[in-house]
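Okay, here's what each chain looks like letter by letter:
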Amino acid sequence: MLLEVRNILRVRFLFLMVLLSVALLGAVMVSPQAPPQTQQPAPGTPTASTSPSSSPQGVVAGSVPSPFGAQAQPAGLNVVVLDPAHGGTDSGARGTGGIRESEIVLDFAIQVRHALEAQGFQVVQTRQGNDDPSFDGRSATANAQRGAVFVTLHVSSTGVPGSTRVYVNSDLPTVTDSSGLIPWDRAQAPFLDLSRKLGDLVQGFLAQHFKGSPDTAQAATVRQLRTTAAPAIAVEISSVTVDDRADLDRMAPGVADAIARGVAAFKPSYVVPSTRGALP
Ligand SMILES: [Zn+2]
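Structure report, in brief. On a predicted model such as this, the values are computed, not experimentally measured, just so you know.

## With respect to the pattern of salt bridges
Then, in step 1: Within this structure, the stated rule accounts for twelve salt bridges.
Then, in step 2: Glutamate 117 serves as the salt-bridge partner of arginine 113, at 3.1 Å between the closest nitrogen and oxygen. With a gap of four residues between them, arginine 113 and glutamate 117 both fall in helix 2 (residues 101-118), about one helical turn apart.
Then, in step 3: What makes glutamate 117 partly exposed here is its relative accessible area of 37%.
Then, in step 4: The shortest N-O distance in the salt bridge between aspartate 193 and arginine 196 comes to 2.7 Å. On the criterion of helical spacing, the pair formed by aspartate 193 and arginine 196 is a turn pair, its members being three residues apart in helix 4 (residues 192-209).

## Considering the packing of aromatic side chains
Then, in step 1: With the rule as written, the count across this model stands at one aromatic pair.
Then, in step 2: Measuring from ring centre to ring centre gives 5.9 Å for phenylalanine 266 and tyrosine 270, while their planes differ by 65°; the resulting arrangement is edge-to-face.
Then, in step 3: On the accessibility criterion, tyrosine 270 (8% relative accessible area) is buried.

## Observations concerning the nonpolar core
Then, in step 1: The biggest cluster of nonpolar side chains holds 43 residues, and the ones touching the most others in it are Leu116, Leu153, Val235, Ile259 and Val263.
Then, in step 2: Mapped onto this core, the elements with two or more residues apiece are strand 1 (79-84), helix 2, strand 3 (148-155), strand 4 (164-169), helix 4, strand 6 (232-237) and helix 7 (252-266).
Then, in step 3: Excluding residues that lie within four positions of it along the chain, valine 263 makes contacts with Leu77, Val80, Leu116, Phe121, Val149, Leu198 and Val202.
Then, in step 4: Listed in part, the twelve residues of the second largest apolar core include Val81, Ala148, Phe150 and Leu225.

## Some details on the packing of helix 2 against helix 7
Then, in step 1: The geometry of helix 2 relative to helix 7 is characterised by a closest axis approach of 8 Å and an angle of 40° between their N-to-C directions. Between helix 2 and helix 7, the interaxial angle falls into the category oblique. Once helix 2 is placed against helix 7, the crossing between them reads as right-handed. Packed against helix 2, whose contacting residues are Phe108, Gln111, Val112, Ala115 and Leu116, the element helix 7 presents Ala252, Pro253, Val255, Ala256, Asp257, Ile259, Ala260 and Val263 at the interface.
Then, in step 2: For the contact of helix 2 with helix 7, the residue count by class is eleven nonpolar, one polar and one charged.

## Considering the packing of helix 4 against helix 7
Then, in step 1: The geometry of helix 4 relative to helix 7 is characterised by a closest axis approach of 8 Å and an angle of 140° between their N-to-C directions. What the angle tells us is that helix 4 and helix 7 run oblique. Both helix 4 and helix 7 take part in a crossing whose hand is right-handed. Together, Leu194, Lys197, Leu198, Leu201, Val202, Phe205, Leu206, Gln208 and His209 of helix 4 and Gly254, Val255, Asp257, Ala258, Ile259, Arg261, Gly262, Val263, Ala265 and Phe266 of helix 7 make up the contact between the two elements.
Then, in step 2: For the contact of helix 4 with helix 7, the residue count by class is twelve nonpolar, four polar and three charged.

## Quick notes on the side chain of serine 156
Then, in step 1: Structurally, the position occupied by serine 156 is in the loop between strand 3 and strand 4.
Then, in step 2: Among the polar contacts listed, one links the side chain of serine 156 to the backbone oxygen of threonine 158, at a separation of 2.5 Å.
Then, in step 3: There is a polar contact of 3.1 Å between the side chain of serine 156 and the side chain of serine 238.

## Re the side chain of arginine 223
Then, in step 1: Within the element layout of this structure, arginine 223 appears in helix 5 (residues 223-226).
Then, in step 2: In this structure arginine 223 comes out as buried when scored by relative accessible area, which is 3%.
Then, in step 3: Polar contacts involving the side chain of arginine 223 include one to the side chain of threonine 227, which spans 2.9 Å.

## Quick word on the environment of aspartate 131
Then, in step 1: By secondary structure assignment, the location of aspartate 131 is in the loop between strand 2 (122-125) and helix 3 (135-143).
Then, in step 2: Using a relative accessible area of 37% as the deciding quantity, one classes aspartate 131 as partly exposed.
Then, in step 3: It is 8.8 Å that separates the C-alpha atoms of aspartate 131 and aspartate 90, two residues lying 41 residues apart in sequence.
Then, in step 4: If we skip the residues at most four places from it in the chain, aspartate 131 touches His86, Gly87 and Gly88.

The rules behind the values
Residues numbered from 1 in each chain as written. Predicted model: local features only at pLDDT ≥ 70, side-chain atom pairs only at ≥ 80, totals over all residues. Heavy atoms only, no water. Salt bridge = Lys/Arg side-chain N within 4 Å of Asp/Glu carboxyl O. Helix = DSSP H or I, 4+ residues; strand = E, 2+ residues; numbered from the N terminus. Buried < 20%, exposed > 50% of the residue type's maximum accessible area, 1.4 Å probe, protein only. Phe/Tyr/Trp six-rings, centres within 6.5 Å; stacked < 30°, edge-to-face > 60°. Core = buried A, V, L, I, M, F, W, Y, C linked by side-chain atoms within 4.5 Å. Contact = heavy atoms within 4.5 Å. Axes fitted to C-alpha atoms, helices over the stretch in contact; angles between N-to-C directions. Parallel < 35°, antiparallel > 145°, perpendicular 65-115°, else oblique. Left-handed = near helix turned anticlockwise from the far one by under 90°. Nonpolar A, V, L, I, M, F, W, Y, C, P; charged D, E, K, R; others polar. Polar contact = N/O pair within 3.5 Å; in protein donor to acceptor, adjacent residues only side chain to side chain.

Below you can see the structure in the form of structure tokens.
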């Protein structure tokens, strides 16, 4: 079940708090590892103020971890942020047989994770247990990564049981504020083309496993995708209306395989857009 909620001002405040927290955490993590009496710039840090002769021992690129750990990763697609939707007091869609969307997607995430790791990707989950991070908290998890794609998992209350659908966010005009930055609630805009490509690939592999599924991804207004500054898709499995939960559980290996193969097929075409979104 996909939801749409608007809360822009709170989002911006939360994002500032996240940025501040990351910066503070980075400072704490880096300081014990810095060599005494030597302040070396982190990889990627502008070094205009440091001439080569002022650093007789030289600076070995990569020898000092970046305070922003994710930025130290090589360019390209390395990380998949996996979002089991709902959780906690939000059980998502519920079937008459007592099936809860929030429980199904968490179980599916385990198999999706293993399939992605087998393809060499690092997987970061937005939740590991029965809690309910906010939409913004989940996006912040994704937006803190570099070289990541985002996959949110849902189970619908509609659709042909045994089929699957992939959604990408519908068109979002790219806008910038007076300082030239992209507002948090439009963070997905620069990534929409990449999201469509990823969505079509995953949907194509899903269609091979599950008859009745479309061949290409569909566009929809998806709150969780809009604030995500990465190629981002929603995968929705039909449906909670089945009488026997085993009918859904049997779909997990196919869903996991299709997502992992889709992300692997997408990897060569992944390029981090020059315009980084999500900054307030
Ligand atoms: Zn849902």
